[in-house]
Protein chains: 2
Amino acid sequence: MKIKFSNAKILTMNPDSKEIIEGELWVNDSIIEYVGKSKIAGDSFDQEIDVEGNLLMPGFKNAHSHCPMTFARSLADDMSLSEWLNTKIFPLEAKLTPENVCVYTKLAYMEYLTSGITAAFDMYYEPDAIIKASLETGFRTVLCGAINNFKESPEILEEYYQKYNKCSDMISYKLGFHAEYTTDIGIMEKVAQLAEKYQAPVYVHNSETQEEVSTCIQKYGKTPTELFTDLGLYQYGGGAFHGTYLSEQDMELIKDHKVHVVINSASNTKLASGIAPVTKMIEHDLMLGIGTDGASSNNALDMFREMYLTAVLQKAVQKDPAACSADKMLYMATVGSAKAMGLYDCDCIAAGKKADIIMIDLRQPNMQPINNIVNNLVYSGSKQNVKMTMINGKIVYEDGKFYTIDKDKVYEQANKMLRTLLG
Amino acid sequence: MKIKFSNAKILTMNPDSKEIIEGELWVNDSIIEYVGKSKIAGDSFDQEIDVEGNLLMPGFKNAHSHCPMTFARSLADDMSLSEWLNTKIFPLEAKLTPENVCVYTKLAYMEYLTSGITAAFDMYYEPDAIIKASLETGFRTVLCGAINNFKESPEILEEYYQKYNKCSDMISYKLGFHAEYTTDIGIMEKVAQLAEKYQAPVYVHNSETQEEVSTCIQKYGKTPTELFTDLGLYQYGGGAFHGTYLSEQDMELIKDHKVHVVINSASNTKLASGIAPVTKMIEHDLMLGIGTDGASSNNALDMFREMYLTAVLQKAVQKDPAACSADKMLYMATVGSAKAMGLYDCDCIAAGKKADIIMIDLRQPNMQPINNIVNNLVYSGSKQNVKMTMINGKIVYEDGKFYTIDKDKVYEQANKMLRTLLG
């Protein structure tokens, strides 16, 4: 299948070509074949799409999420974290079946598609159910180990790591565990051995809350970042999800170990966990991505909201309107997140890269007049502007229509399952 | 013209009927005639609309804006307030023609319609151009005096007050001036005389920035709120736009004088002005509304973003996930803002009220599953969910189409005028 997009503005996010290109983009099966000025091609195409002056850009990458948690959207808001977890989330999670996980993951994917997100880094359980949802939808998923004292084990993690890195070009799997405060040191040591054995990065919730950090210091005399580096967990890099309370010393360790930090602004503010020191992280030249976290805490799965919120929170906290530029946010939500997820072929628009592309409708009032397209995307852009989402060369969402999902069936199942869960 | 909406969920925002009604809503010309359970009517209708289980609710009211400032969207972001104002905004504003004002106001109205906003409280100049845009669009506008040392005068304010309160049922006009820091005390005294003469409320920017408050205290030995009340400006109530730095003593004065406070969270965070103490204001039982401010500073005109941001900023600042509930935010963005604008007939859905109504698409992934519709609206809702916007009984926006505006013409004019302005 060969597709030509013509009459397009193209924001490549390629560091080698910063200008917005006016021209064409060709997709051949799953790969971008050409991007540049219009040219008369000897090539023939199966489909030609007139972009009508709208924008093509790389899809957003959601670098931290718990996709199946859409079941808990708006279930329990405006309450304290411990009450929320203990009375609402944990009891329901314990009842989730693989069928539940598959349907609620599909619901998350649908929301991603409406927001121009073409891949997610998902930390949850029941990987077979998530992979089923992913392959049926045509959505790119990077799975992340979530083991802890209560669920799964280092042995299962290794089994998953071997199995799910070979199952499909839409799926990959990263070593990971839930968090220091849910995982004994014996398990963490075994994960570190896996990191060494496979020369692989390790991903984990790190310094999400102040309590997590202070309890870790009480227990080990070290911050979570210090503990993880001392244990060798970050010897081949990896990721720190949230990083709300990383100290400057932590940031130096993070940088030295080539660890990515994934910012989750909406979840952190709504749960009142805090505001990550993104400005400081940028000063330390850390590798940054953006995630939505789960719908249970966020409650939306919307990269426009995350970019916007991350920028304006820093301006407010730093009392500096120049803090966190739009350029930086857009980079984090696309290239930065892709790199955090190991998706080096999906990070930007260039010949040879995977065709994970979105089309942005510039002919909406919130994008007019056109002073600066990047600033429009970050400061006034919205999921309403997403006209098309293409993943791996296939258009899966266009003008409000889902091509691979029966939306009414998913809504019906999601509500029916919820009534059963709530009993 | 008589319209029946059937098969609807109806969130009335009427304090007398808090439950979501499943049933019908009838509109007769500009007025809501019936809201309640389905009934077999002897009545005949010109149009019957099957809402298909989606939600009808009152339109949002934007209680503080500068509509024509869409020209400056994304023109100058990520820079300091003084640099932004002096090098970018003021020089361009000085060049704006009435034709510019009309086109850029229409662009703002289009964005309001996509976000379910059915009325705006607009503080700007060139009222005839704004009213032209309003009447051509069918958009409800409350104009607010904006006089100061540099523009217009108390005499012009009185002339406008008399003239524009009689010109159309879609237009009303409130006494107002720009701010303490741009307006000499002689002018303020004359505005207070007008307040007394017409027994009318007065609206003004109040305590938007810390510098504004401290400079006022240096000059007058009083906060802006103390000054305004001492001058008699608030003797018949009125409004404080922003209120970012209101003290608790100010809040008591505000309450005693029945003054509304209009919160502008996005503008205040993006310009790093600060975060309004909304939680304290709620504790003081103040009358609160929400505004977007202008697109120049916001940069979007999106009430979903404002509600969301206002709530989560309080949760973050108060370190309390229970701060600022979704219920309260939705009330502020609808009834609270309507009352601040004097739109007592447009505040909620009830027989006899103006038919300013929006339809929310619940069959989008961000609104599913349906645990709690109000929480969905505030925490995961988006302008993408706005299926229809009706103002004064007329459908002006539906499924992405503008019925009263030629959108391509507005975009073309807005960009062409911008090139002229930028020279």
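Counting from 1, residues in each chain are numbered in the order their sequence is written. Each chain is given a letter, starting from A, and each ligand a number, starting from 1, according to the order in which they appear as written. Only residues with pLDDT of at least 70 are given local features in this predicted model, and only at 80 or more are side-chain atom pairs given and counted; all residues enter the totals for whole chains, interfaces and linings. Only hydrogens and water are set aside; all other atoms, that is, all heavy atoms of the structure, feed into the side-chain values.

Draft legend 1. Local environment of the overall build of chain A. A tally of regular secondary structure across chain A gives 15 helices and 17 strands. As defined in this context, the radius of gyration uses C-alpha atoms, and a globule is described by 2.2 Å times the residue total to the power 0.38. The C-alpha radius of gyration of chain A comes to 21 Å, within 12% of the 22 Å expected for a compact globule of 423 residues. Each principal axis of the C-alpha atoms in chain A carries an extent, and together these give about 65 × 50 × 45 Å. Under the scheme applied here, a residue whose accessible area is under 20% of the maximum for its type counts as buried, over 50% as exposed, and between as partly exposed, the area being computed with a 1.4 Å probe on protein chains only. Taking all 423 residues of chain A together, 67% fall into the buried category. Contacts in chain A between residues at least 24 apart in sequence constitute 73% of all its contacts with a sequence separation of at least 6. Entry remark: accessible area of chain A is about 14,600 Å², with carbon and sulfur atoms responsible for 48%. Between the centroid of the 41 positive side chains of chain A and the centroid of its 55 negative side chains there is a distance of 3 Å. Going along the chain from the N terminus, every DSSP run of H or I of four or more residues is numbered as a helix, and every run of E of two or more is numbered as a strand. Residue contacts are counted whenever heavy atoms from the two residues lie within 4.5 Å of one another. Only the protein chains shown count as cover for residues, and all accessible areas are computed by the Shrake-Rupley method using a 1.4 Å probe. Positive charge is attributed to Lys and Arg, negative charge to Asp and Glu, and no charge count is given to His or to the chain ends. A charged residue contributes its charge at one atom only: NZ of Lys, CZ of Arg, CG of Asp or CD of Glu.

Draft legend 2. Inspection of the interface of chain A and chain B at higher detail. Taken together, the contact pairs 64 residues of chain A with 64 residues of chain B. Summing the contributions of chain A and of chain B, the shared interface buries around 4,900 Å²; its carbon and sulfur component is 54%. Accessible area, probed at 1.4 Å, shrinks when two parts are joined; the buried area is that loss added up over both. Considering only the surface of chain A that becomes buried against chain B, Asp78(A), Pro365(A) and Asn371(A) emerge as the three largest contributors, covering 13% of it. A salt bridge links Asp78(B) to Lys315(A), with the shortest nitrogen-to-oxygen separation between them at 2.6 Å. Whenever two N or O atoms come within 3.5 Å, that pair is a polar contact, provided that in protein one can donate a hydrogen and the other can accept it, and provided that, for residues adjacent in sequence, both atoms are side-chain atoms. Counting the contacts that link chain A with chain B gives 36 residue pairs in polar contact (both at pLDDT 80 or more). Listing elements by their share of the side of chain A that touches chain B, those giving two or more residues are helix H2 (98-114), helix H9 (265-270), helix H12 (303-318), helix H14 (373-380) and helix H15 (407-422) of chain A. Here, a salt bridge means any side-chain nitrogen of Lys or Arg that lies within 4 Å of a carboxyl oxygen of Asp or Glu.

Draft legend 3. Spotlight on the domain arrangement of chain A. Residue and element names in this part refer to chain A. With domains assigned, chain A is organised as domain 1 (2-59 + 352-402) and domain 2 (60-340). On a C-alpha basis, the centroid separation for the pair domain 1 and domain 2 is 28 Å. In this assembly, 26 residues from domain 1 lie in contact with 31 residues from domain 2. Summed over both sides, the interface between domain 1 and domain 2 buries roughly 2,300 Å², with carbon and sulfur atoms accounting for 69% of that surface. A per-residue breakdown of the area domain 1 buries against domain 2 is headed by Val378, Tyr379 and Lys383, which together make up 26% of the total. These domain boundaries are the output of an automatic or database domain assignment.

Draft legend 4. Quick look at the pairing of strand E9 (residues 171-179) of chain B. Residues and elements named next belong to chain B. Most of E9 sits inside the fold, with 9 of its 9 residues counted as buried. Bridge analysis of strand E8 (residues 140-144) against E9 gives 4 bridges, and the strand direction is parallel. In the sheet register, valine 142 faces E9, and the bridge partner there is serine 172. Taken together, the 4 bridges between E9 and strand E10 (residues 202-206) define a ladder with parallel strand orientation. In this scheme, strands are said to pair when DSSP sees at least two bridges between them.

Draft legend 5. Region of the structure containing the pairing of E8(B). All names here are of chain B. Most of E8 is tucked away: 5 of the 5 residues are buried. Taking every second residue as pointing to the same face, both faces of E8 are buried, with Arg140, Val142 and Cys144 on one and Thr141 and Leu143 on the other. Bridging between strand E7 (residues 117-123) and E8 involves 5 bridges; their strand directions are parallel. When the sheet's bridge partners are listed, methionine 123 is paired in E8 with cysteine 144. A crossover links E7 with its parallel partner E8, the connecting element being helix H3 (residues 127-137), and its sense is right-handed. The handedness of a crossover follows from its direction of travel: if, with the strands pointing away from the viewer, the path from the first strand over the helix to the second runs clockwise, the crossover is right-handed.

Draft legend 6. The environment of Asp77(A), seen in detail. Residue and element names in this part refer to chain A. Note that aspartate 77 resides in the loop between strand E6 (60-65) and helix H1 (81-93). Look at aspartate 77 and you get buried, because its relative accessible area is 8%. There is a polar contact of 2.7 Å between the side chain of aspartate 77 and the side chain of lysine 270. Of the polar contacts made by the side chain of aspartate 77, one reaches the side chain of asparagine 299; its length is 3.0 Å.

Draft legend 7. Just the relation of the copies chain A and chain B, in detail. Copies overlap after least-squares fitting; the atoms used are the C-alpha atoms of residues with pLDDT of at least 70 in both. Superposing chain A onto chain B takes a rotation of 180 degrees combined with a translation of 0.0 Å along the rotation axis, leaving an RMSD of 0.0 Å. One copy is carried onto the other by what is essentially a two-fold rotation axis. The rotation axis passes nearest to the C-alpha of Gln384(A) in chain A, at a distance of 2.5 Å.

Draft legend 8. Structural view of the sheet that holds E7(B). Residue and element names in this part refer to chain B. Strand order in this open sheet of 8 strands is E6-E7-E8-E9-E10-E11-E12-E13, and the pairing throughout is parallel. Each edge of the open sheet is held by one strand with a lone partner, namely strand E6 (60-65) and strand E13 (287-290). Sheet twist, expressed as the mean angle between neighbouring strand axes with direction ignored, is 25 degrees. Between the N-to-C directions of two axes lies an angle of 0 to 180 degrees, each axis being a line fitted to C-alpha atoms and, for a helix, fitted only over the stretch in contact. Seen against the sheet, helix H2 (residues 98-114) touches E6, E7 and E8 and runs at an angle of roughly 140 degrees to E7. Relative to the sheet, helix H11 (residues 303-318) contacts E6, E7, strand E12 (259-263) and E13, its axis offset from that of E6 by approximately 80 degrees.

Draft legend 9. Looking closely at the UniProt feature "domain: Amidohydrolase-related" (unreviewed entry) in chain A. UniProt positions are given in the numbering used here, feature names are shortened, and annotations may be inferred rather than shown by experiment. Feature annotation in UniProt places "domain: Amidohydrolase-related" (unreviewed entry) on residues 56-396 of chain A, given in this structure's numbering. Helix and strand shares over residues 56-396 of chain A are 44% and 18% respectively, and the end C-alpha atoms of the span are 15 Å apart.

Draft legend 10. Fine view of the pattern of salt bridges. All names here are of chain A. Per the counting criterion, the structure on display carries 38 salt bridges over all chains. Among the salt bridges present, the one from aspartate 77 reaches lysine 270, with a minimum N-O distance of 2.7 Å. Of this pair, aspartate 77 sits in the loop between E6 and H1 while lysine 270 sits in helix H9, and the two are 193 residues apart along the sequence. One salt bridge in this structure joins lysine 354 and aspartate 169, with 3.6 Å as the shortest N-O distance. Here lysine 354 is found in the loop between helix H13 (326-340) and strand E14 (357-360), whereas its partner aspartate 169 is found in the loop between helix H4 (154-164) and strand E9 (171-179), with 185 residues between them in sequence. Classification of lysine 354 as buried rests on a relative accessible area of 15%.

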